[in-house]
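Structure at a glance
Okay, here's what each chain looks like letter by letter:
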Amino acid sequence: MRRRPLPLSLIAFGGIATVLAVAGCDSSGSGGSVDTASVPSASAAPKLASTTDKSLPIEAYMYTKDQTDQLNNAVVTLRQDCMQNFGFTYQDQKAQGMFEPKSITQFRYGMTDADDVAVHGYKPAGSEKKVVKPAPVKLAPAATTALTGTNDANVKPGSTEAKGGQDINGKKVPAGGCIGEANRKLGATSAQGFGDAPVVVKVNTDSWAKSYNDKRVRAVFTKWSACMKQKGYAYADPMKAGDDPQWQKTTTATPREQQVASADVACKQKNNVLGVWYSVDVAYQKQMIEQNAEALNDVKKRLDKQLKLAADVA
C-alpha cells in the first residue's frame, strides 16, 4: 500500500523531519507578521533558478548526512557490544525507502526543477515510494530489559525513567539499558540525543517563517501570483500552490497538477522569487545566529565532541 503524498510544506524542510510543525510555522500568510524594526538588511538578491546547491548559515551547527551516519553506526556498534556483554545477539533494523532531498534548500522555497514538475508535479521524484518499515525485533524479556533498562511498557526505552540496575547473567543493567549507555558514551543527553539542537531547529524554522512573511518576499509573491493568474491559476503564493489539498488525493501527479507546478516554476524564474526569498532567509538566519551566539557555540562544541567520540568507536 502506498503512503499518502507529503504536502510540499513538509518536504520543504527535508521531507522526513517535519520541523515546520515543530516551530509552528504555517503558510497561511495570516500570522507570523514581522516586526519591521528588527528586519535585517539582505544582500542584493542573486538571480536564481534553483537553490539546491545553496547553503544556509545555520548548517554550520547541523549534522550533515555523513555525520549522522557516522553517529548512527557508532550507536549501533556500542549497543551491540553492550548486548553481547549480557550474552545477547542484537541487530538494529532500519526503515528502507525514506525520501531524502539532495540538500536542505532543494525544496525549501517550493519546486524549482521544470523537468521534474512536468512529470511529478508537487511530488518530487522518489517521494512517492513506499517506506518499508522493518519487522519488530522480538526479544526475550531479559534481552529487552538489557537493551532498554526497563521492563515497564509505559517507560520510554533508554530514558532517564529507565533506571536499570537489574541483574542479568551476573551483570547489572546500566541506566537506560544498552541504549542509554551507548548514548552517554557518545555524549548525547536524553533531551538532545543526536538530533539537531532545539536552538538550531528554531533558527532554521523561524528564519523561514520570518522570510515568508517579509514584505520583500511578499512583494515578489504578488508578482508571482499575477503571473500565475495570467496562466489561469489563482494562488496567493508558491506554498499555497504546492499545498493545494487536491494534490494529496493521488499518489502520482495529475495533468492539472503538472500544469500548475510547471506554471509555478516558470513564474518563480520570471520574477526571481528564489533569489529574493533565499537572500532574505539568509539575512534572518545571520541575525538570529548572532543573537544566539553563545548557545550555538555550545552546540558546535557538543557536535564536535560527539563526532570525535564516534570516530573512536572501533
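Our subject in this report is the structure included herewith. (Residues numbered from 1 in each chain as written. Predicted model: local features only at pLDDT ≥ 70, side-chain atom pairs only at ≥ 80, totals over all residues. Heavy atoms only, no water.)

Observations regarding unusual backbone geometry
Spelled out, the test is: Numbering of helices and strands runs from the N terminus, with a helix taken as a DSSP run of H or I at least four residues long and a strand as a DSSP run of E at least two residues long. A simple rule labels every residue: compare its accessible area, found with a 1.4 Å probe on the protein chains alone, to the largest value its type can have, and call it buried under 20%, exposed over 50%, or partly exposed in between.
Of note in this structure, Asn-169 is not a glycine but carries a positive phi near 55°. Tracing the backbone shows Asn-169 in the loop between strand 1 (167-168) and strand 2 (171-172). With a relative accessible area of 55%, Asn-169 lands in the exposed category. One non-glycine residue, Asn-272, lies in positive phi territory at about 50°. Within the fold, Asn-272 resides in the loop between helix 10 (255-271) and helix 11 (273-291). A residue is classified by how much of its surface remains accessible, and Asn-272, at 11% relative accessible area, is buried.

A few points about the nonpolar core
We count it as follows: We define the nonpolar core as a collection of buried residues of types Ala, Val, Leu, Ile, Met, Phe, Trp, Tyr and Cys that are connected through side-chain atoms lying within 4.5 Å of one another. Note on definitions: a residue-residue contact is assigned when non-hydrogen atoms from the two residues lie within 4.5 Å.
Residues Ile-58, Val-200, Met-228, Tyr-235 and Trp-277 are the most contacted members of the largest nonpolar core, which totals 47 residues. Looking at this core, the elements with two or more residues in it are helix 7 (198-213), helix 8 (215-230), helix 9 (238-242), helix 10, helix 11 and helix 12 (293-311). Looking at this core, the element that brings in the most residues is helix 11, giving 10 residues. The residues touching Met-228, leaving out its near neighbours within four places in the chain, are Tyr-233, Tyr-235, Val-260, Ala-263, Asp-264 and Cys-267.

Digging into the side chain of Thr-105
What counts here: Polar contacts, as counted here, are pairs of nitrogen or oxygen atoms within 3.5 Å of one another; within protein the pair requires one atom able to donate a hydrogen and one able to accept it, and residues that are adjacent in sequence qualify only if both atoms are side-chain atoms.
Topologically, Thr-105 is positioned in the loop between helix 3 (65-85) and helix 4 (114-120). Note on Thr-105: relative accessible area 0%, which makes it buried. Polar side-chain contacts of Thr-105 include one of 2.5 Å to the backbone oxygen of Thr-51. Sequence-distant contacts of Thr-105, that is, excluding residues within four places in its chain, are made with Thr-51, Thr-52, Lys-54 and Leu-56.

Notes on the packing of helix 5 (residues 141-148) against helix 6 (residues 177-185)
What counts here: Lines fitted to C-alpha atoms define the axes here, with helix axes fitted over just the stretch in contact, and angles between the N-to-C directions of these axes take values from 0 to 180 degrees. For classification purposes, angles smaller than 35 degrees are called roughly parallel, those larger than 145 roughly antiparallel, those between 65 and 115 roughly perpendicular, and all remaining angles oblique. Polarity classes work like this: nonpolar for Ala, Val, Leu, Ile, Met, Phe, Trp, Tyr, Cys and Pro, charged for Asp, Glu, Lys and Arg, and polar for all others, with Gly in that last group.
At their nearest, the axes of helix 5 and helix 6 sit 2 Å apart, and the two run at 25° to each other. When the axes of helix 5 and helix 6 are compared, the pair comes out roughly parallel. Every residue of helix 6 that contacts helix 5 at Thr-145, Ala-146, Leu-147 and Thr-148 is listed here: Gly-177, Cys-178 and Ile-179. When its residues are assigned to classes, the contact of helix 5 with helix 6 shows 4 nonpolar, 3 polar and no charged.

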